[in-house]
Number of protein chains: 2
Amino acid sequence: MEKVDLAEKFARFSEQWKPKIVGSFDDYHVKVAKVQGEFIWHSHHDEDELFMVVDGRLTIHFRDRDVELVPGEFLVVPKGVEHKPSAAEECQILMIERKGTVNTGDMENSSMTVQPEIL
Amino acid sequence: MEKVDLAEKFARFSEQWKPKIVGSFDDYHVKVAKVQGEFIWHSHHDEDELFMVVDGRLTIHFRDRDVELVPGEFLVVPKGVEHKPSAAEECQILMIERKGTVNTGDMENSSMTVQPEIL
C-alpha cells in the first residue's frame, strides 16, 4: 500500500507504446505509457478503457471524429468502439483497464502488441 | 463519449466532502471532490478505492501511518483497510470506486454520508 509518484515512474523508462503497470485496484490495472506517432486502429470487445494525459497532448481518433486530450482531461473509450491514439510529440499517458486487457485489443497479433510489465 | 475536463468540473461546485460523478467505465465511477478538514475513519468491505490528487495536498491516515499525496501521485486503499482522509487546506481529489460504493463505507449512517450526484 504505497503511493505511486507518476513522475518517478515515467523517469524509469524511455520506450514508447509499451504500457507499464504501476498500480491495481480490484480487477483493474493502472498503466502508464510514453507514446509518440500513431498507434493502430483497434477496439476492445468487452472492456472500457480510460485515458488520462499526464504530460503532452494525445489525440484519440475515432472513425467519425478526433478527441484531443491535455493534462487534466480524461476520456473513456467504450467497449467495442474503434479508436487509434496518436501524438505528434511524445506524450505521457495513464490508462485504466481491466486486468488482462491487450493493448491492441482485437488486433492482438499486431507488431504493436505487448504484454505490460510491472514497473 | 465526451472528454472530461477536471478543471471545468471543479469550477462548478464549492461544497466539500460531497463526491460528484464525472465519468464511468465498466462497473466503476470516476468521482471528484473538494475536501478540507478531517473526514471520518471508515473502510470499504469489498471495494478498493483509488485516490489521486488534482490540486493541493491530501493526507490519508491509516491506523499505523499517514500517506501524503500531492498532484501527480495516487494511492489505492485496499478493501477492508480503515482510513481517514484529511486536508489542512482545500484539496481537489479524484477517486475511482466501484459503482454503489458509499463514501463513508461501513459508517454508512454517518452525518458525512452522501449519495454522489452526477456532475
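One can find the structure itself at the top, above this paragraph.
Residues numbered from 1 in each chain as written. Chains lettered and ligands numbered in written order. Predicted model: local features only at pLDDT ≥ 70, side-chain atom pairs only at ≥ 80, totals over all residues.

**Considerations on the overall build of chain A**
When its secondary structure is counted, chain A shows one helix and nine strands. Secondary structure elements of chain A, listed N to C terminal, follow the sequence β-α-β-β-β-β-β-β-β-β. Taking 2.2 N^0.38 as the reference for a compact globule, 119 residues should give roughly 14 Å; the C-alpha atoms of chain A span a radius of gyration of 13 Å, in line with that estimate. Its C-alpha atoms give chain A principal-axis dimensions of about 40 × 30 × 25 Å. Counting all 119 residues of chain A, 37% fall into the buried class. Taking the intrachain contacts of chain A between residues at least 6 apart in sequence as the baseline, contacts between residues at least 24 apart amount to 66%. (Helix = DSSP H or I, 4+ residues; strand = E, 2+ residues; numbered from the N terminus. Rg over C-alpha atoms; globule rule 2.2 N^0.38 Å. Buried ≥ 20, exposed ≤ 12 C-beta atoms within 10 Å, placed from the backbone. Contact = placed C-beta atoms within 7 Å.)

**Examining the interface of chain B and chain A**
If you look at the interface, chain B gives 23 residues, while chain A gives 23 residues. Looking at the side of chain B that touches chain A, the elements that each hand over two or more residues are β1 (4-5), α1 (6-10), β2 (20-25), β6 (66-69), β7 (73-77) and β8 (84-98) of chain B. The residue makeup of the side of chain B that touches chain A, split by class, is 13 nonpolar, three polar and seven charged. Pairing of strand β1 (residues 4-5) of chain A with β7 of chain B involves two bridges; the strand directions are antiparallel. When the bridges of β7 of chain B are listed, Asp-5 of chain A appears paired with Glu-73 of chain B. (Nonpolar A, V, L, I, M, F, W, Y, C, P; charged D, E, K, R; others polar. Pairing = 2+ DSSP bridges.)

**Some details on the relation of the copies chain B and chain A**
Between chain B and chain A, which share one sequence, the superposing operator has a rotation angle of 180° and an axial displacement of 0.0 Å; the RMSD is 0.0 Å. Overall, the copies show the geometry of a two-fold rotation axis. A shared interface surface links the copies, since 100% of the contact residues of chain B are contact residues in chain A too. (Least-squares fit on C-alpha atoms with pLDDT ≥ 70 in both.)

**Some thoughts on the nonpolar core**
In this structure, Phe-51, Leu-58 and Ile-93 of chain A together with Phe-51, Leu-58 and Ile-93 of chain B are the most contacted members of the largest nonpolar core, which totals 56 residues. What Leu-58 of chain A contacts, discounting residues up to four positions off in sequence, is Val-35, Phe-51, Val-53, Leu-69, Pro-85, Ala-87, Cys-91 and Ile-93 of chain A. (Core = buried A, V, L, I, M, F, W, Y, C linked by C-beta atoms within 7 Å.)

**Observations regarding the environment of Pro-85 of chain B**
All names here are of chain B. Secondary-structure assignment places Pro-85 in strand β8. A sequence separation of 39 residues divides Pro-85 from Asp-46, and the C-alpha atoms of the two residues are 19 Å apart. Pro-85 has contacts with Val-35, Phe-39, Leu-58 and Ile-60, leaving out every residue within four places of it along the chain.

**Considering the pairing of strand β2 (residues 20-25) of chain A**
Residue and element names in this part refer to chain A. Relative to strand β3 (residues 28-38), β2 is paired through five bridges, and the arrangement is antiparallel. Along β3, the bridge assignment pairs Phe-25 with Tyr-28. Here β2 folds back onto β3, and the loop between the two strands holds two residues, one of which, Asp-26, carries a positive phi near 45°. As paired elements, β2 and strand β9 (residues 117-118) share two bridges and run parallel to each other. Looking at the pairing, Lys-20 lines up with Glu-117 of β9.

**Quick look at the pairing of strand β3 (residues 28-38) of chain B**
Residues and elements named next belong to chain B. A large share of β3 lies buried, amounting to eight of its 11 residues. Sheet analysis places β3 next to β8, joined by 10 bridges and oriented antiparallel. Considered in β8, the bridge of Val-30 is made with Ile-96.

**Focus on the environment of Asp-64 of chain A**
All names here are of chain A. Note that Asp-64 resides in the loop between β5 (58-61) and β6 (66-69). Taking the C-beta count within 10 Å as the criterion, Asp-64 has 6 such neighbours and is therefore assigned exposed. For the pair Asp-64 and Lys-84, spaced 20 residues apart in the sequence, the C-alpha separation amounts to 12 Å.

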